[in-house]
Amino acid sequence: MSAAEASRKPSLIEGPIAKTLFMFSLPMLFGNILQSLNGTINSIWVGKFLGEAALTAASNGNIIMFFLISSIFGVTMAATIMIGQNIGAGDVAETKRVVGTSAVFFLVLAFAIGIIGFLSAPWILHVLNTPAESVDMAITYTRIIFAGMPFLYGYNYIMTVMRGAGDSKTPFYFLIVSVVLDVLLNPLFIFGWGPIPAMGIGGSATATLIAQGISFVLILIYLYRVKYFLRITSSELHLLRFDWKIIWTLVRKGVPMGLQMIAVSTSAIALMNLINGYGTVAAAAYTAANNLSSYVQMPAMALGAAISSFAAQNIGAGRWDRVRTTTWIGIVYNFVLTGGAVVLIYVFNRQALLMFLPSTGGALELGMRINMITLWSFVIFGVTNVITGVVRSTGSVMIPLLITIISLWGIRIPLAYAFVDEYGLDAVWWSFPVGFAISAVAVIFYYAFGKWKQASMGEGIQGVKPAEDKDS
(Lines give C-alpha, C1' and ligand atoms only; values in the text may rest on other atoms or scores of the structure.)
Protein backbone atom coordinates (compact mmCIF):
# COMPACT_ATOMS: atom_id res chain seq x y z
CA MET A 1 0.00 0.00 0.00
CA SER A 2 1.34 3.42 -0.94
CA ALA A 3 1.99 6.23 1.52
CA ALA A 4 -0.92 8.15 0.03
CA GLU A 5 -3.22 5.22 0.66
CA ALA A 6 -1.94 4.67 4.18
CA SER A 7 -2.44 8.30 5.10
CA ARG A 8 -5.97 8.50 3.79
CA LYS A 9 -8.23 9.76 6.57
CA PRO A 10 -11.94 9.01 7.00
CA SER A 11 -13.93 12.16 6.32
CA LEU A 12 -16.98 11.32 8.42
CA ILE A 13 -15.28 11.73 11.82
CA GLU A 14 -14.25 15.32 11.14
CA GLY A 15 -15.93 18.63 10.43
CA PRO A 16 -19.34 20.07 11.37
CA ILE A 17 -21.83 17.22 11.74
CA ALA A 18 -24.87 18.84 10.11
CA LYS A 19 -22.96 19.89 6.99
CA THR A 20 -20.93 16.67 6.73
CA LEU A 21 -24.01 14.45 7.14
CA PHE A 22 -25.97 16.51 4.64
CA MET A 23 -23.22 16.41 2.00
CA PHE A 24 -22.71 12.68 2.55
CA SER A 25 -26.47 11.98 2.37
CA LEU A 26 -27.13 14.14 -0.68
CA PRO A 27 -25.67 11.78 -3.33
CA MET A 28 -27.61 8.91 -1.72
CA LEU A 29 -30.83 10.92 -1.86
CA PHE A 30 -30.25 11.92 -5.47
CA GLY A 31 -29.35 8.33 -6.24
CA ASN A 32 -32.59 7.07 -4.70
CA ILE A 33 -34.54 9.70 -6.61
CA LEU A 34 -32.82 8.72 -9.85
CA GLN A 35 -33.61 5.04 -9.28
CA SER A 36 -37.24 5.83 -8.52
CA LEU A 37 -37.42 8.17 -11.51
CA ASN A 38 -35.99 5.39 -13.63
CA GLY A 39 -38.66 2.99 -12.37
CA THR A 40 -41.33 5.64 -12.87
CA ILE A 41 -40.34 6.32 -16.48
CA ASN A 42 -40.26 2.58 -17.18
CA SER A 43 -43.70 2.25 -15.60
CA ILE A 44 -45.02 5.07 -17.78
CA TRP A 45 -43.77 3.34 -20.93
CA VAL A 46 -45.26 0.03 -19.82
CA GLY A 47 -48.53 1.35 -18.37
CA LYS A 48 -49.35 3.91 -21.03
CA PHE A 49 -48.35 1.90 -24.10
CA LEU A 50 -48.66 -1.75 -23.06
CA GLY A 51 -51.70 -1.42 -20.78
CA GLU A 52 -52.76 -1.99 -17.17
CA ALA A 53 -52.14 -5.76 -17.36
CA ALA A 54 -48.52 -5.13 -18.36
CA LEU A 55 -48.10 -2.55 -15.59
CA THR A 56 -49.44 -5.04 -13.05
CA ALA A 57 -47.07 -7.70 -14.43
CA ALA A 58 -44.06 -5.40 -14.00
CA SER A 59 -45.18 -4.44 -10.49
CA ASN A 60 -45.54 -8.07 -9.42
CA GLY A 61 -42.16 -8.89 -10.95
CA ASN A 62 -40.51 -5.97 -9.14
CA ILE A 63 -41.96 -7.08 -5.80
CA ILE A 64 -40.36 -10.50 -6.24
CA MET A 65 -37.06 -8.91 -7.25
CA PHE A 66 -37.18 -6.67 -4.17
CA PHE A 67 -37.76 -9.75 -2.01
CA LEU A 68 -34.67 -11.52 -3.34
CA ILE A 69 -32.53 -8.39 -3.11
CA SER A 70 -33.71 -8.03 0.48
CA SER A 71 -32.46 -11.51 1.28
CA ILE A 72 -28.83 -10.35 0.88
CA PHE A 73 -29.35 -6.79 2.07
CA GLY A 74 -28.17 -7.70 5.56
CA VAL A 75 -24.84 -9.08 4.35
CA THR A 76 -24.04 -5.87 2.46
CA MET A 77 -25.12 -3.68 5.40
CA ALA A 78 -23.04 -5.74 7.86
CA ALA A 79 -20.04 -5.37 5.53
CA THR A 80 -20.63 -1.63 5.27
CA ILE A 81 -20.74 -1.21 9.05
CA MET A 82 -17.61 -3.36 9.54
CA ILE A 83 -15.79 -1.30 6.90
CA GLY A 84 -16.97 1.95 8.47
CA GLN A 85 -15.89 0.99 11.99
CA ASN A 86 -12.45 -0.19 10.81
CA ILE A 87 -11.95 2.93 8.68
CA GLY A 88 -12.92 5.07 11.69
CA ALA A 89 -10.37 3.17 13.78
CA GLY A 90 -7.71 3.78 11.10
CA ASP A 91 -7.19 0.07 10.32
CA VAL A 92 -6.98 -0.12 6.50
CA ALA A 93 -5.46 -3.64 6.53
CA GLU A 94 -8.41 -5.08 8.47
CA THR A 95 -10.78 -3.17 6.19
CA LYS A 96 -9.27 -4.89 3.16
CA ARG A 97 -9.71 -8.28 4.81
CA VAL A 98 -13.40 -7.50 5.18
CA VAL A 99 -13.62 -6.30 1.57
CA GLY A 100 -11.92 -9.42 0.17
CA THR A 101 -13.97 -11.95 2.11
CA SER A 102 -17.29 -10.18 1.75
CA ALA A 103 -16.77 -9.76 -2.01
CA VAL A 104 -16.37 -13.52 -2.51
CA PHE A 105 -19.21 -14.35 -0.13
CA PHE A 106 -21.46 -11.79 -1.78
CA LEU A 107 -20.68 -13.03 -5.30
CA VAL A 108 -21.63 -16.61 -4.39
CA LEU A 109 -24.88 -15.43 -2.82
CA ALA A 110 -25.68 -13.23 -5.81
CA PHE A 111 -25.43 -16.07 -8.30
CA ALA A 112 -27.34 -18.47 -6.04
CA ILE A 113 -30.21 -16.05 -5.50
CA GLY A 114 -30.30 -15.08 -9.17
CA ILE A 115 -30.69 -18.74 -10.17
CA ILE A 116 -33.33 -19.37 -7.51
CA GLY A 117 -35.27 -16.31 -8.65
CA PHE A 118 -35.12 -17.35 -12.31
CA LEU A 119 -36.34 -20.89 -11.61
CA SER A 120 -38.98 -20.09 -9.03
CA ALA A 121 -40.56 -17.04 -10.73
CA PRO A 122 -43.70 -18.87 -12.02
CA TRP A 123 -44.39 -20.47 -8.65
CA ILE A 124 -43.90 -17.23 -6.73
CA LEU A 125 -46.13 -15.32 -9.15
CA HIS A 126 -48.80 -17.95 -8.58
CA VAL A 127 -48.48 -17.55 -4.79
CA LEU A 128 -48.65 -13.79 -5.29
CA ASN A 129 -52.06 -14.27 -6.93
CA THR A 130 -50.98 -12.35 -10.02
CA PRO A 131 -54.01 -11.65 -12.26
CA ALA A 132 -54.32 -14.26 -15.04
CA GLU A 133 -53.99 -11.69 -17.82
CA SER A 134 -50.63 -10.56 -16.39
CA VAL A 135 -48.96 -13.89 -15.49
CA ASP A 136 -47.14 -14.65 -18.77
CA MET A 137 -45.80 -11.10 -19.07
CA ALA A 138 -44.72 -11.13 -15.41
CA ILE A 139 -42.76 -14.37 -15.90
CA THR A 140 -40.95 -12.95 -18.94
CA TYR A 141 -40.13 -9.68 -17.18
CA THR A 142 -39.00 -11.32 -13.95
CA ARG A 143 -36.74 -13.92 -15.52
CA ILE A 144 -34.84 -11.37 -17.59
CA ILE A 145 -34.33 -9.19 -14.53
CA PHE A 146 -33.00 -12.14 -12.53
CA ALA A 147 -30.55 -12.98 -15.30
CA GLY A 148 -28.93 -9.61 -14.58
CA MET A 149 -28.82 -10.03 -10.80
CA PRO A 150 -25.00 -10.54 -10.65
CA PHE A 151 -24.53 -7.12 -12.27
CA LEU A 152 -27.03 -5.45 -9.96
CA TYR A 153 -25.62 -7.12 -6.86
CA GLY A 154 -22.05 -6.43 -7.93
CA TYR A 155 -22.69 -2.73 -8.37
CA ASN A 156 -24.59 -2.51 -5.09
CA TYR A 157 -21.73 -4.21 -3.27
CA ILE A 158 -19.15 -1.78 -4.63
CA MET A 159 -21.48 1.06 -3.66
CA THR A 160 -21.77 -0.15 -0.05
CA VAL A 161 -17.99 -0.57 0.27
CA MET A 162 -17.37 2.98 -0.94
CA ARG A 163 -20.08 4.41 1.28
CA GLY A 164 -18.66 2.56 4.28
CA ALA A 165 -15.33 4.19 3.48
CA GLY A 166 -16.96 7.63 3.37
CA ASP A 167 -17.41 8.11 -0.39
CA SER A 168 -21.01 8.51 -1.55
CA LYS A 169 -20.28 10.67 -4.62
CA THR A 170 -18.48 8.20 -6.89
CA PRO A 171 -21.23 5.51 -6.80
CA PHE A 172 -23.75 8.23 -7.62
CA TYR A 173 -21.91 9.22 -10.80
CA PHE A 174 -22.01 5.66 -12.12
CA LEU A 175 -25.64 5.34 -11.10
CA ILE A 176 -26.35 8.27 -13.40
CA VAL A 177 -24.79 6.28 -16.25
CA SER A 178 -26.99 3.27 -15.46
CA VAL A 179 -30.20 5.30 -15.24
CA VAL A 180 -29.58 7.28 -18.41
CA LEU A 181 -28.85 4.09 -20.33
CA ASP A 182 -31.95 2.39 -18.94
CA VAL A 183 -34.19 5.33 -19.86
CA LEU A 184 -32.81 5.54 -23.40
CA LEU A 185 -32.87 1.79 -24.04
CA ASN A 186 -36.38 1.12 -22.68
CA PRO A 187 -38.40 2.43 -25.66
CA LEU A 188 -35.79 1.01 -28.04
CA PHE A 189 -36.28 -2.56 -26.80
CA ILE A 190 -39.99 -2.26 -25.99
CA PHE A 191 -41.01 -1.06 -29.47
CA GLY A 192 -38.01 -2.19 -31.52
CA TRP A 193 -35.98 -0.26 -34.07
CA GLY A 194 -33.99 -1.41 -37.09
CA PRO A 195 -32.50 -4.85 -36.39
CA ILE A 196 -33.77 -4.78 -32.79
CA PRO A 197 -37.15 -6.58 -32.57
CA ALA A 198 -40.08 -5.27 -30.53
CA MET A 199 -39.89 -7.19 -27.23
CA GLY A 200 -42.78 -5.63 -25.32
CA ILE A 201 -42.45 -5.92 -21.56
CA GLY A 202 -39.41 -8.16 -22.01
CA GLY A 203 -37.71 -5.22 -23.69
CA SER A 204 -38.08 -3.12 -20.57
CA ALA A 205 -36.33 -5.78 -18.50
CA THR A 206 -33.62 -6.25 -21.14
CA ALA A 207 -32.85 -2.53 -21.14
CA THR A 208 -32.42 -2.63 -17.36
CA LEU A 209 -30.11 -5.67 -17.56
CA ILE A 210 -27.85 -4.03 -20.16
CA ALA A 211 -27.70 -0.70 -18.31
CA GLN A 212 -26.76 -2.36 -15.01
CA GLY A 213 -24.12 -4.54 -16.66
CA ILE A 214 -22.40 -1.60 -18.35
CA SER A 215 -22.44 0.50 -15.15
CA PHE A 216 -20.95 -2.36 -13.12
CA VAL A 217 -18.07 -2.90 -15.58
CA LEU A 218 -17.35 0.83 -15.79
CA ILE A 219 -17.10 1.36 -12.03
CA LEU A 220 -14.75 -1.63 -11.73
CA ILE A 221 -12.49 -0.15 -14.42
CA TYR A 222 -12.60 3.23 -12.70
CA LEU A 223 -11.57 1.86 -9.26
CA TYR A 224 -8.47 0.23 -10.65
CA ARG A 225 -7.48 3.13 -12.89
CA VAL A 226 -7.54 5.62 -10.02
CA LYS A 227 -5.93 3.06 -7.67
CA TYR A 228 -8.73 3.28 -5.12
CA PHE A 229 -7.29 2.56 -1.68
CA LEU A 230 -9.63 -0.37 -0.93
CA ARG A 231 -9.16 -2.15 -4.25
CA ILE A 232 -7.73 -5.66 -4.12
CA THR A 233 -4.37 -5.58 -5.92
CA SER A 234 -2.54 -8.49 -7.58
CA SER A 235 -0.40 -8.91 -4.45
CA GLU A 236 -3.53 -9.11 -2.28
CA LEU A 237 -5.44 -11.83 -4.15
CA HIS A 238 -5.04 -14.03 -1.07
CA LEU A 239 -7.64 -11.78 0.59
CA LEU A 240 -10.25 -13.08 -1.87
CA ARG A 241 -11.08 -16.08 0.27
CA PHE A 242 -13.51 -17.33 2.87
CA ASP A 243 -12.23 -15.91 6.15
CA TRP A 244 -14.65 -17.73 8.40
CA LYS A 245 -14.35 -15.29 11.31
CA ILE A 246 -15.44 -12.44 9.04
CA ILE A 247 -18.09 -14.59 7.38
CA TRP A 248 -19.49 -15.54 10.78
CA THR A 249 -19.79 -11.85 11.66
CA LEU A 250 -21.44 -11.10 8.31
CA VAL A 251 -23.93 -13.92 8.87
CA ARG A 252 -24.51 -13.28 12.57
CA LYS A 253 -25.13 -9.57 12.05
CA GLY A 254 -26.29 -9.64 8.45
CA VAL A 255 -29.01 -12.29 8.71
CA PRO A 256 -31.15 -10.31 11.21
CA MET A 257 -30.83 -7.18 9.05
CA GLY A 258 -31.68 -9.25 5.99
CA LEU A 259 -34.65 -10.78 7.78
CA GLN A 260 -35.80 -7.26 8.59
CA MET A 261 -35.87 -6.43 4.87
CA ILE A 262 -37.49 -9.77 4.09
CA ALA A 263 -40.21 -8.97 6.64
CA VAL A 264 -40.82 -5.71 4.75
CA SER A 265 -40.85 -7.33 1.31
CA THR A 266 -43.01 -10.30 2.34
CA SER A 267 -45.50 -7.92 3.91
CA ALA A 268 -45.60 -6.08 0.57
CA ILE A 269 -46.25 -9.41 -1.13
CA ALA A 270 -49.05 -10.20 1.35
CA LEU A 271 -50.68 -6.81 0.68
CA MET A 272 -50.26 -7.20 -3.08
CA ASN A 273 -51.88 -10.63 -2.86
CA LEU A 274 -54.83 -9.12 -1.00
CA ILE A 275 -55.15 -6.19 -3.42
CA ASN A 276 -54.82 -8.41 -6.50
CA GLY A 277 -57.96 -10.21 -5.32
CA TYR A 278 -59.91 -7.00 -5.93
CA GLY A 279 -59.00 -6.90 -9.62
CA THR A 280 -56.75 -5.09 -12.07
CA VAL A 281 -58.15 -1.61 -11.29
CA ALA A 282 -57.28 -1.89 -7.59
CA ALA A 283 -53.86 -3.39 -8.39
CA ALA A 284 -53.08 -0.64 -10.90
CA ALA A 285 -54.19 2.11 -8.48
CA TYR A 286 -52.01 0.68 -5.72
CA THR A 287 -49.07 0.28 -8.12
CA ALA A 288 -49.34 3.94 -9.18
CA ALA A 289 -49.67 5.17 -5.60
CA ASN A 290 -46.75 2.95 -4.60
CA ASN A 291 -44.61 4.55 -7.31
CA LEU A 292 -45.28 7.96 -5.77
CA SER A 293 -44.75 6.80 -2.18
CA SER A 294 -41.34 5.48 -3.22
CA TYR A 295 -40.34 9.12 -3.78
CA VAL A 296 -41.64 10.10 -0.38
CA GLN A 297 -39.51 7.37 1.23
CA MET A 298 -36.34 8.47 -0.55
CA PRO A 299 -35.12 11.03 2.04
CA ALA A 300 -35.67 8.60 4.93
CA MET A 301 -33.96 5.73 3.10
CA ALA A 302 -31.00 7.93 2.17
CA LEU A 303 -30.68 9.29 5.70
CA GLY A 304 -30.89 5.82 7.25
CA ALA A 305 -28.13 4.46 4.98
CA ALA A 306 -25.95 7.56 5.38
CA ILE A 307 -26.33 7.61 9.15
CA SER A 308 -25.31 3.93 9.44
CA SER A 309 -22.02 4.65 7.64
CA PHE A 310 -21.59 7.99 9.42
CA ALA A 311 -22.21 6.55 12.90
CA ALA A 312 -20.10 3.43 12.21
CA GLN A 313 -16.99 5.49 11.42
CA ASN A 314 -17.49 7.65 14.51
CA ILE A 315 -18.04 4.59 16.68
CA GLY A 316 -14.79 3.12 15.34
CA ALA A 317 -13.07 6.39 16.23
CA GLY A 318 -14.71 6.48 19.68
CA ARG A 319 -16.59 9.71 18.87
CA TRP A 320 -19.86 9.01 20.68
CA ASP A 321 -20.60 12.70 21.06
CA ARG A 322 -20.91 12.90 17.27
CA VAL A 323 -23.09 9.78 17.17
CA ARG A 324 -25.66 11.27 19.56
CA THR A 325 -25.76 14.59 17.72
CA THR A 326 -26.11 12.78 14.39
CA THR A 327 -29.34 11.13 15.57
CA TRP A 328 -31.13 14.41 16.26
CA ILE A 329 -29.83 16.12 13.15
CA GLY A 330 -31.03 13.14 11.10
CA ILE A 331 -34.52 13.38 12.58
CA VAL A 332 -34.73 17.09 11.79
CA TYR A 333 -33.59 16.45 8.23
CA ASN A 334 -36.25 13.76 7.90
CA PHE A 335 -39.07 16.09 8.95
CA VAL A 336 -37.94 18.73 6.50
CA LEU A 337 -37.22 16.49 3.49
CA THR A 338 -39.86 13.78 3.87
CA GLY A 339 -42.48 16.27 5.00
CA GLY A 340 -41.71 18.47 2.02
CA ALA A 341 -42.13 15.53 -0.39
CA VAL A 342 -45.50 14.65 1.19
CA VAL A 343 -46.80 18.20 0.83
CA LEU A 344 -45.64 18.39 -2.79
CA ILE A 345 -47.48 15.22 -3.80
CA TYR A 346 -50.62 16.25 -1.91
CA VAL A 347 -50.68 19.50 -3.88
CA PHE A 348 -50.31 17.68 -7.23
CA ASN A 349 -52.02 14.42 -6.29
CA ARG A 350 -54.20 14.00 -9.38
CA GLN A 351 -51.59 15.26 -11.84
CA ALA A 352 -48.95 12.92 -10.42
CA LEU A 353 -51.19 9.85 -10.67
CA LEU A 354 -52.17 10.73 -14.24
CA MET A 355 -48.61 9.90 -15.24
CA PHE A 356 -49.43 6.24 -14.62
CA LEU A 357 -53.19 5.93 -14.90
CA PRO A 358 -55.92 6.84 -17.38
CA SER A 359 -58.37 9.55 -16.32
CA THR A 360 -61.28 7.12 -16.53
CA GLY A 361 -61.95 3.67 -15.13
CA GLY A 362 -61.83 4.29 -11.38
CA ALA A 363 -58.13 3.63 -10.77
CA LEU A 364 -57.27 7.35 -10.61
CA GLU A 365 -59.78 8.18 -7.86
CA LEU A 366 -58.74 5.12 -5.87
CA GLY A 367 -55.09 6.08 -6.20
CA MET A 368 -55.83 9.56 -4.86
CA ARG A 369 -57.56 8.08 -1.82
CA ILE A 370 -54.62 5.77 -1.17
CA ASN A 371 -52.27 8.76 -1.16
CA MET A 372 -54.46 10.84 1.14
CA ILE A 373 -54.58 8.08 3.76
CA THR A 374 -51.01 6.78 3.63
CA LEU A 375 -48.51 9.43 2.49
CA TRP A 376 -48.34 11.56 5.65
CA SER A 377 -47.37 8.53 7.74
CA PHE A 378 -44.09 8.12 5.86
CA VAL A 379 -42.77 11.00 7.99
CA ILE A 380 -43.18 8.67 10.98
CA PHE A 381 -41.47 5.90 9.01
CA GLY A 382 -38.56 8.29 8.45
CA VAL A 383 -38.03 8.81 12.19
CA THR A 384 -37.89 5.04 12.66
CA ASN A 385 -35.41 4.67 9.79
CA VAL A 386 -33.05 7.34 11.13
CA ILE A 387 -32.94 5.89 14.65
CA THR A 388 -32.59 2.34 13.33
CA GLY A 389 -29.64 3.49 11.20
CA VAL A 390 -27.84 4.70 14.34
CA VAL A 391 -28.68 1.61 16.40
CA ARG A 392 -27.56 -0.94 13.81
CA SER A 393 -24.23 0.87 13.29
CA THR A 394 -23.08 -0.58 16.62
CA GLY A 395 -24.05 -4.13 15.63
CA SER A 396 -27.35 -4.13 17.51
CA VAL A 397 -29.64 -5.92 15.07
CA MET A 398 -32.03 -8.23 16.91
CA ILE A 399 -34.34 -5.67 18.55
CA PRO A 400 -34.88 -3.68 15.32
CA LEU A 401 -35.72 -7.00 13.62
CA LEU A 402 -38.30 -7.89 16.28
CA ILE A 403 -39.85 -4.43 16.11
CA THR A 404 -40.17 -4.68 12.33
CA ILE A 405 -41.73 -8.15 12.46
CA ILE A 406 -44.23 -7.17 15.14
CA SER A 407 -45.25 -3.90 13.47
CA LEU A 408 -45.71 -5.53 10.06
CA TRP A 409 -46.80 -9.10 10.72
CA GLY A 410 -48.31 -8.51 14.14
CA ILE A 411 -50.09 -5.25 13.31
CA ARG A 412 -50.26 -4.12 9.66
CA ILE A 413 -51.02 -7.38 7.84
CA PRO A 414 -53.53 -8.72 10.42
CA LEU A 415 -55.34 -5.35 10.43
CA ALA A 416 -55.60 -5.30 6.64
CA TYR A 417 -56.85 -8.86 6.33
CA ALA A 418 -59.14 -8.75 9.38
CA PHE A 419 -61.01 -5.58 8.44
CA VAL A 420 -60.95 -5.57 4.63
CA ASP A 421 -64.31 -7.38 4.41
CA GLU A 422 -65.99 -4.86 6.70
CA TYR A 423 -64.30 -1.63 5.60
CA GLY A 424 -63.07 -2.53 2.12
CA LEU A 425 -59.62 -1.54 0.88
CA ASP A 426 -59.54 1.40 3.29
CA ALA A 427 -58.50 -1.15 5.92
CA VAL A 428 -55.38 -1.84 3.86
CA TRP A 429 -54.53 1.83 3.46
CA TRP A 430 -55.03 2.66 7.17
CA SER A 431 -52.80 -0.24 8.19
CA PHE A 432 -49.82 1.84 6.99
CA PRO A 433 -50.02 4.74 9.50
CA VAL A 434 -50.98 2.39 12.34
CA GLY A 435 -48.00 0.11 11.68
CA PHE A 436 -45.58 3.01 11.24
CA ALA A 437 -46.69 4.66 14.49
CA ILE A 438 -46.28 1.53 16.60
CA SER A 439 -42.85 0.85 15.09
CA ALA A 440 -41.68 4.42 15.78
CA VAL A 441 -42.74 4.31 19.43
CA ALA A 442 -40.92 1.00 19.96
CA VAL A 443 -37.70 2.17 18.28
CA ILE A 444 -37.62 5.46 20.20
CA PHE A 445 -38.09 3.54 23.47
CA TYR A 446 -35.21 1.18 22.62
CA TYR A 447 -32.95 4.08 21.64
CA ALA A 448 -33.64 5.84 24.93
CA PHE A 449 -33.51 2.87 27.32
CA GLY A 450 -32.00 -0.11 25.48
CA LYS A 451 -28.44 -1.46 25.61
CA TRP A 452 -27.65 -0.98 21.92
CA LYS A 453 -24.46 0.95 22.72
CA GLN A 454 -22.88 -2.18 24.20
CA ALA A 455 -23.30 -4.15 20.95
CA SER A 456 -20.28 -5.01 18.78
CA MET A 457 -19.64 -6.09 15.20
CA GLY A 458 -16.84 -8.41 16.32
CA GLU A 459 -13.28 -8.59 17.57
CA GLY A 460 -10.57 -6.13 16.67
CA ILE A 461 -12.68 -2.98 16.34
CA GLN A 462 -11.86 -0.29 18.86
CA GLY A 463 -14.00 2.47 20.23
CA VAL A 464 -17.26 0.55 20.12
CA LYS A 465 -18.32 1.15 23.71
CA PRO A 466 -19.28 4.70 24.72
CA ALA A 467 -16.77 6.48 26.92
CA GLU A 468 -18.99 6.50 29.99
CA ASP A 469 -19.33 2.69 29.84
CA LYS A 470 -15.70 1.71 29.30
CA ASP A 471 -15.03 0.98 32.94
CA SER A 472 -18.34 -0.68 33.67
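Note that the structure is predicted; figures quoted are calculated from it, not measured.

> Would you mind showing me how to read the overall build of the protein chain here?
Along the backbone of the protein chain there are 17 helices and zero strands. For a compact globule of 472 residues, the expected C-alpha radius of gyration is about 23 Å, and the protein chain comes in at 22 Å, within 12% of that figure. Across its three principal directions, the C-alpha atoms of the protein chain cover 65 × 55 × 35 Å. Expressed as a percentage of the 472 residues in the protein chain, the buried residues total 58%.

> How should helix α6 (residues 135–147) be read in this particular structure?
Since the α-helix packs 3.6 residues into each turn, any two residues three or four apart lie on the same face. The end-to-end C-alpha separation of α6 is 18 Å, in line with the 18 Å expected for 13 residues at 1.5 Å each. Restricting attention to buried positions, one finds in α6 the residues Ala-138, Ile-139, Tyr-141, Thr-142, Ile-145 and Phe-146.

> So what exactly am I meant to see when it comes to helix α9 (residues 201–225) here?
Given a rise of 1.5 Å per residue, 25 residues ought to cover 36 Å, and the 37 Å separating the end C-alpha atoms of α9 matches this to within 8%. Two residues or fewer after α9 comes Lys-227, characterised by a positive phi angle close to 55°.

> Honestly, the pattern of salt bridges in this entry has me stumped. Any pointers?
As a working rule, side chains carrying opposite charge can pair if their charged atoms are close by. Scanning the model with the defined rule gives seven salt bridges in all. Taken together, the shared-partner salt bridges connect Glu-94, Arg-97, Arg-241 and Asp-243 into one network.

> Where do I start with the environment of Leu-185 in this structure?
Mapped onto the fold, Leu-185 is located in helix α8 (residues 169–191). Accessibility expressed as a relative area gives 17% for Leu-185, which makes it buried. Sequence separation between Leu-185 and Gly-117 is 68 residues; the distance between their C-alpha atoms is 24 Å. For Leu-185, the residues in contact, after removing those within four places along its chain, are Ala-207 and Ile-210.

> Would you mind showing me how to read the packing of helix α2 (residues 17–50) against helix α11 (residues 280–316) here?
To describe two helices that pack against each other, one gives the angle between their axes and the distance between the axes. Relative to each other, α2 and α11 sit at 145°, their axes nearing to 8 Å. When you trace α2 past α11, the crossing you get is right-handed. Taken together, the residues of the contact of α2 with α11 sort by class into 17 nonpolar, 10 polar and no charged.

> Got a minute to help me understand unusual backbone geometry in this structure?
In terms of backbone geometry, most residues other than glycine have negative phi values and most peptide bonds are trans. Backbone geometry places Lys-227, a non-glycine residue, at a positive phi of 55°. The class for Lys-227 is exposed, based on a relative accessible area of 57%.

> Would you take a moment to explain the environment of Pro-197 for this structure?
Inspection of the secondary structure puts Pro-197 in the loop between α8 and α9. A sequence separation of 251 residues divides Pro-197 from Ala-448, and the C-alpha atoms of the two residues are 59 Å apart. Setting aside residues up to four positions removed in sequence, Pro-197 forms contacts with Phe-189 and Gly-192.

> Honestly, the nonpolar core in this entry has me stumped. Any pointers?
The nonpolar side chains of soluble globular proteins are, as a tendency, buried together. Residues Tyr-153, Leu-230, Tyr-286, Val-428 and Trp-429 are the most contacted members of the largest nonpolar core, which totals 103 residues. For this core, the element with the highest residue contribution is α11, accounting for 11 residues. Membership of the second largest hydrophobic core comes to 29 residues, among which are Leu-12, Leu-29, Met-298 and Val-386.

> Help me understand a nonpolar patch on the surface, please; the structure alone is not making it clear to me.
Judged by side-chain polarity, Tyr-173, Ile-176, Val-180 and Leu-184 come together as a nonpolar surface patch covering roughly 380 Å² of accessible area. Considering the arrangement of structural elements, one finds Leu-184 in helix α8. Judged by relative accessible area, Leu-184 falls into the exposed class, the value being 58%.

> Honestly, the packing of aromatic side chains in this entry has me stumped. Any pointers?
Given two aromatic rings, their pairing is described by the distance between the two centres and the angle made by the two planes. Counted according to the given criterion, the structure contains 18 aromatic pairs. Seen in terms of ring centroids, Trp-320 and Trp-452 are 6.1 Å apart; in terms of plane orientation they differ by 50°. Their pairing is tilted. Of this pair, Trp-320 sits in helix α12 (residues 320–347) while Trp-452 sits in the segment after α17 (426–449), and the two are 132 residues apart along the sequence. Looking at Trp-320, the relative accessible area reads 2%, which means it is buried. Centroid distance Phe-381 to Phe-436: 5.4 Å. Interplanar angle 45°. Geometry classified as tilted. Here Phe-381, found in helix α15 (residues 378–392), pairs with Phe-436, found in helix α17; they are 55 residues apart in sequence, far enough to count as distant. Each residue in the set Phe-378, Phe-381, Phe-432 and Phe-436 is aromatic and connected to the rest through ring pairs, giving one cluster. When the ring centre of Phe-118 is taken as reference, the NZ or CZ atom of Arg-143 above it lies at 5.0 Å.

> Any chance you could explain the side chain of Thr-80 here in plain terms?
Along the chain, Thr-80 turns up in helix α4 (residues 73–88). On the basis of relative accessible area, Thr-80 is assigned to the buried category, the value being 5%. In terms of polar contacts, Thr-80 uses its side chain to reach the backbone carbonyl oxygen of Thr-160, at 3.4 Å. Among residues more than four places away in sequence, those in contact with Thr-80 are Thr-160, Gly-164 and Ser-309.

> Help me out: how do you make sense of the environment of Ser-294 in this one?
Inspection of the secondary structure assignment puts Ser-294 in helix α11. Assessed through its relative accessible area of 18%, Ser-294 is described here as buried. Residues Ser-294 and Gly-51 lie 243 residues apart in sequence; the distance between their C-alpha atoms is 22 Å.

About the cut-offs
- Residues numbered from 1 in each chain as written.
- Predicted model: local features only at pLDDT ≥ 70, side-chain atom pairs only at ≥ 80, totals over all residues.
- Heavy atoms only, no water.
- Helix = DSSP H or I, 4+ residues; strand = E, 2+ residues; numbered from the N terminus.
- Rg over C-alpha atoms; globule rule 2.2 N^0.38 Å.
- Buried < 20%, exposed > 50% of the residue type's maximum accessible area, 1.4 Å probe, protein only.
- Expected span 1.5 Å × (residues − 1).
- Salt bridge = Lys/Arg side-chain N within 4 Å of Asp/Glu carboxyl O.
- Contact = heavy atoms within 4.5 Å.
- Axes fitted to C-alpha atoms, helices over the stretch in contact; angles between N-to-C directions.
- Left-handed = near helix turned anticlockwise from the far one by under 90°.
- Nonpolar A, V, L, I, M, F, W, Y, C, P; charged D, E, K, R; others polar.
- Core = buried A, V, L, I, M, F, W, Y, C linked by side-chain atoms within 4.5 Å.
- Patch = residues over 30% accessible without salt bridge, like charges linked within 9 Å, V, L, I, M, F, W, Y side chains within 5 Å.
- Areas by Shrake-Rupley, 256 points an atom, 1.4 Å probe, with all protein chains shown as cover.
- Phe/Tyr/Trp six-rings, centres within 6.5 Å; stacked < 30°, edge-to-face > 60°.
- Lys NZ or Arg CZ within 6 Å of the ring centre and 35° of its normal.
- Polar contact = N/O pair within 3.5 Å; in protein donor to acceptor, adjacent residues only side chain to side chain.

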